[in-house]
Amino acid sequence: MPTSVDFYTRVMGFVVTQHSPGEGTLFDWCSLERDGISLMLNTRYESDSRPSAPDPSSYDTHGDTCIFLGCKDLDTAYQTIAQQGWPVDPPTTAPYGMRQLNVRDPDGYGLCLQWATDGSWG
């Protein structure tokens, strides 16, 4: 959870608005918000049964999952993420007219920030 909270707050600009009991970022779930977007993170293991280190095999099973988020200013999003040292490639335009910025979170989930090139989406 601490790694994911750091990514979503520092790199992606979300703010933690609620969380289960816990010290610092050692909690079982949290709600985050940014620009009208609400996101909830939940750990795989409750605090009393959490392993001492993440299971690397669980990262591999998330590669086919992607969350799509609307983002009008992909250039600024790209610069912000890159400036935080997070691996990200510049935005590209999909054949169906969506300009997209793809990034993976610490758990291997894909995030696609996107906006229609003609401005009609959103």
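Our subject is the structure that appears above.
Below is a short write-up of the structure. Source: prediction; values computed, not measured. (Residues numbered from 1 in each chain as written. Predicted model: local features only at pLDDT ≥ 70, side-chain atom pairs only at ≥ 80, totals over all residues. Heavy atoms only, no water.)

### Things to note about the overall build of the protein chain
Working step 1: Along its length, the protein chain carries three helices and seven strands.
Working step 2: Mapped in sequence order, the helices and strands of the protein chain form the string α-β-β-β-α-β-α-β-β-β.
Working step 3: Oriented by its inertia axes, the alpha-carbon framework of the protein chain measures out at about 50 × 30 × 25 Å.
Working step 4: Sequence-distant contacts in the protein chain: of pairs separated by 6 or more residues, those separated by 24 or more amount to 41%.
Working step 5: Accessible surface for the protein chain amounts to roughly 7600 Å². Of this, 51% is attributable to carbon and sulfur atoms.
Working step 6: Of note, the protein chain has its 7 positive side-chain charges centred 5 Å away from the centre of its 16 negative side-chain charges. (Helix = DSSP H or I, 4+ residues; strand = E, 2+ residues; numbered from the N terminus. Contact = heavy atoms within 4.5 Å. Areas by Shrake-Rupley, 256 points an atom, 1.4 Å probe, with all protein chains shown as cover. Lys, Arg positive; Asp, Glu negative; His and termini not counted. Charge placed at Lys NZ, Arg CZ, Asp CG, Glu CD.)

### Focus: the packing of aromatic side chains
Working step 1: Evaluation of the coordinates by the stated rule reveals three aromatic pairs.
Working step 2: Both rings, one in Phe-7 and one in Tyr-8, keep their centres 4.9 Å apart while their planes meet at 85 degrees; by these two values the pair is edge-to-face. Here Phe-7 matches Tyr-8 in class, with each residue buried.
Working step 3: Chaining the aromatic ring pairs together yields one cluster made of Phe-7, Tyr-8, Phe-14 and Trp-86. (Phe/Tyr/Trp six-rings, centres within 6.5 Å; stacked < 30°, edge-to-face > 60°. Buried < 20%, exposed > 50% of the residue type's maximum accessible area, 1.4 Å probe, protein only.)

### Digging into helix α1 (residues 2-11)
Working step 1: What α1 keeps buried is the set Ser-4, Val-5, Phe-7, Tyr-8 and Val-11.
Working step 2: Buried positions along α1 lie against β1 (15-19), β2 (29-34), β3 (37-42), α3 (74-83), β6 (98-104) and β7 (110-116).

### Remarks on α3
Working step 1: Looking only at α3, the buried set comprises Leu-74, Ala-77 and Ile-81. Considered in projection along α3, the buried side chains sweep an arc of 60 degrees and stay on one side of the axis.
Working step 2: For α3, the elements touching its buried residues are α1, β6 and β7.
Working step 3: Gly-85 sits one or two positions beyond α3 and adopts a positive phi of about 80 degrees. (Arc of directions from axis to C-beta.)

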